[in-house]
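# Remarks on the overall topology
One letter stands for each residue in the lines below.
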Amino acid sequence: MSGTSPNSAENPWPVRTVNTKIADWIHRLGQIWVEGQVTQINRRPGTRTAFLTLRDPAADISISVTCSPDLLARTEVPLTDGSQVVVLGRPSYFTGRGTVSLRVSDIRPVGVGELLLRIERLRQLLAAEGLFDPRLKRPLPFLPRSIGLISGRASAAQRDVVSVATDRWSAVRFDVREAPVQGPTAVARILTHLADLDAHPDIEVIIIARGGGSVEDLLPFSDEALLRAVSRCRTPVVSAIGHEPDNPLLDLVADLRAATPTDAAKRVVPDVEAELAGIDDLRRRSAQALRNWVRRETGVIEGLRRRPVLARPGVIVDQESANVAELVRALRRDVRRHVDTEDRRHEHLAARLSTLGPAQTLARGYAVVQRTDTDVTHVVNTLDDLPVGAELRIRVADGAARATVTATEAPTTSPEDEGDS
């Protein structure tokens, strides 16, 4: 196309040129391996071409595929809608219609082992992102007013959930949304119903239910788009897929995993009759416990009332009053004893004081001589303090006299001899 004139508003390309250029670019891809899910297989009798659609379930994107009818017949596992395959083909662009298709020369169904390996890889990826974290699990309401149910059309799982829940509580309401539970269209329909129920203001919990099946049958419930949608839901989601051995990834993302649809109904809707019976039993046990407590406390009170101290409360007062009186008597005895002792001690000290005091000394004939002509009157102790002319005051037992010294004499005897005489 090097000879083509430059493209501009004045020199536009015709449609044939555009389609030819697109075809050139697409044909340069050559042969490529593509993985996807088979849908809409169309084998036209008497023709040399079979048509089918290869879909990417994670992105809801598809491409048309053509191949030889013999290629479909030679596959090891018969292809059906929903089969996971890997194909080898060459992209083709039809310039006449402006469409792209994939001309396939090899089709290889993905085995169960490969499916399980891919599911495991997805599980590890989502686990690393925290989608399975138990802290993200939302609690289920105790008695939901309305329940959203996504299940197959008129399926046994739907009947089990509705009948078991209704038997447990007749007033329970269901908003049932029917969708394919396997095959290429299952994920898209389930996602639509899930979004509607999550946005409904009355729906308090959503149950996704399906019976058991093979790994291929349960593949939609390990779809990445569905798992991420469930993790984003504001309404608690219960996974009730298959029987106990079945374990799609939805069980890990959902807020609660139920072993079976019947188990889901029992886990979401409490047995009202059993709950009422439990309430009645609790009431009886509470009343009995209260009666036992009253009887026990009544017995304690009666025992206390039978005690002498409570039968005759004045006894304590009388006893304490007697104790106080005895203490008062003992205190008085101690006070009197102390006073008597102090009185005797006082008398003894007074007698000693009388014996040793100056009055008794004067009474025995002694006198106290004081000199009065000095600045300060003082007692005379020596003869040197009695000069001639000194004025004296002489005190005896019954009075005092004044005198003047006219002469002094040295003592002829000692004072002790005078005392003896």
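Residues numbered from 1 in each chain as written. Predicted model: local features only at pLDDT ≥ 70, side-chain atom pairs only at ≥ 80, totals over all residues. Heavy atoms only, no water.

Turning next to the sheet that holds strand β13 (residues 391–396). Sheet architecture is open: four strands sit in the order β12-β11-β13-β14, paired in antiparallel fashion. At either end of the open sheet lies a strand with only one pairing partner, and these are β12 (378–379) and β14 (399–404). Bridge analysis of strand β11 (residues 368–371) against β13 gives four bridges, and the strand direction is antiparallel. Directly across from Val369, in β13, lies its bridge partner Ile394. (Pairing = 2+ DSSP bridges. Helix = DSSP H or I, 4+ residues; strand = E, 2+ residues; numbered from the N terminus.)

On to helix α9 (residues 272–306), then. The terminal C-alpha atoms of α9, which comprises 35 residues, lie 50 Å apart, in line with the 51 Å expected from a rise of 1.5 Å per residue. Its side-chain oxygen at 3.2 Å from the backbone nitrogen of Glu273, Asp271 defines the N-terminal cap of α9. (Expected span 1.5 Å × (residues − 1). Polar contact = N/O pair within 3.5 Å; in protein donor to acceptor, adjacent residues only side chain to side chain.)

With 13 residues, helix α4 (residues 156–168) extends 18 Å from end C-alpha to end C-alpha; this agrees with the ideal 18 Å at 1.5 Å per step. Taken together, the buried positions of α4 are occupied by Ala157, Gln158, Val161, Val164, Ala165 and Arg168. Buried residues in α4, looked at end-on, bunch into an arc of 155°, giving them a common side. Contacts from the buried residues of α4 go to β6 (146–151), β7 (173–178), β8 (205–210), α8 (261–268) and α9. (Buried < 20%, exposed > 50% of the residue type's maximum accessible area, 1.4 Å probe, protein only. Arc of directions from axis to C-beta. Contact = heavy atoms within 4.5 Å.)

We now examine the nonpolar core. Formed by 32 residues in total, the largest nonpolar core has its most connected members in Leu194, Ile208, Phe221, Val230 and Val237. Listing elements by their share of this core, those giving two or more residues are α3 (112–129), α5 (186–199), β8, α6 (224–232), β9 (237–241) and α7 (250–253). Among residues more than four places away in sequence, those in contact with Phe221 are Val181, Ile190, Ile208, Arg210, Leu226, Leu227, Ile241, Pro248, Leu249 and Leu250. Core analysis: the second largest hydrophobic core is formed by 18 residues, Ala157, Val172, Ala240 and Val268 among them. (Core = buried A, V, L, I, M, F, W, Y, C linked by side-chain atoms within 4.5 Å.)

Interhelical geometry of α5 versus α6 gives an angle of 10° and a closest axis separation of 10 Å. What the angle tells us is that α5 and α6 run roughly parallel. Residues Val187, Ile190, Leu191 and Leu194 of α5 touch α6, and the partners they reach there are Ala225, Leu226, Ala229 and Val230. Looking at the contact of α5 with α6, its residues break down into eight nonpolar, no polar and no charged. (Axes fitted to C-alpha atoms, helices over the stretch in contact; angles between N-to-C directions. Parallel < 35°, antiparallel > 145°, perpendicular 65-115°, else oblique. Nonpolar A, V, L, I, M, F, W, Y, C, P; charged D, E, K, R; others polar.)

Let us look at the sheet that holds strand β2 (residues 50–56). Pairing is mixed in the closed barrel, where five strands are placed in the order β1-β2-β3-β5-β4. Within this sheet the neighbouring strands show an average axis-to-axis angle of 55°, counted without direction. As paired strands, strand β4 (residues 84–94) and strand β5 (residues 99–109) are joined by 10 bridges and run antiparallel to one another. Paired with Ser92 across the strands is Ser101, a residue of β5.

With that settled, consider the domain arrangement of the protein. When its domains are assigned, the protein resolves into domain 1 (15–110), domain 2 (116–270) and domain 3 (363–402). Computed over C-alpha atoms, the centres of domain 1 and domain 3 are 161 Å apart. (Domains from an automatic or database assignment.)

What follows covers the packing of α4 against α8. Packing of α4 against α8 brings their axes to within 8 Å, and their N-to-C directions diverge by 30°. In terms of axis orientation, α4 runs roughly parallel to α8. As for how α4 packs across α8, the hand of that crossing is right-handed. Residue-level inspection shows Ala157, Asp160, Val161, Val164, Ala165 and Arg168 of α4 in contact with α8, the latter providing Pro261, Thr262, Ala265 and Lys266. Taken together, the residues of the contact of α4 with α8 sort by class into six nonpolar, one polar and three charged. (Left-handed = near helix turned anticlockwise from the far one by under 90°.)

Once that is clear, we can look at the pattern of salt bridges. In the structure shown here, the tally under the stated rule is 20 salt bridges. Here Arg138 makes a salt bridge to Asp255, at a shortest N to O gap of 2.8 Å. Highlighted residues: Arg138 in the loop between α3 and β6 and Asp255 in the loop between α7 and β10 (256–257), separated in sequence by 117 residues. For the pair formed by Arg138 and Asp255, the shared burial category is buried. Here Asp385 and Arg371 are joined by a salt bridge, their closest N and O atoms 3.2 Å apart. In this pair, Asp385 sits in the loop between β12 and β13 while Arg371 sits in strand β11, placing the two residues 14 residues apart along the sequence. Under the relative-accessibility criterion, Arg371 is labelled buried at 14%. A cluster of three or more residues bridged by salt bridges with shared partners is formed by Glu129, Glu224 and Arg228. (Salt bridge = Lys/Arg side-chain N within 4 Å of Asp/Glu carboxyl O.)

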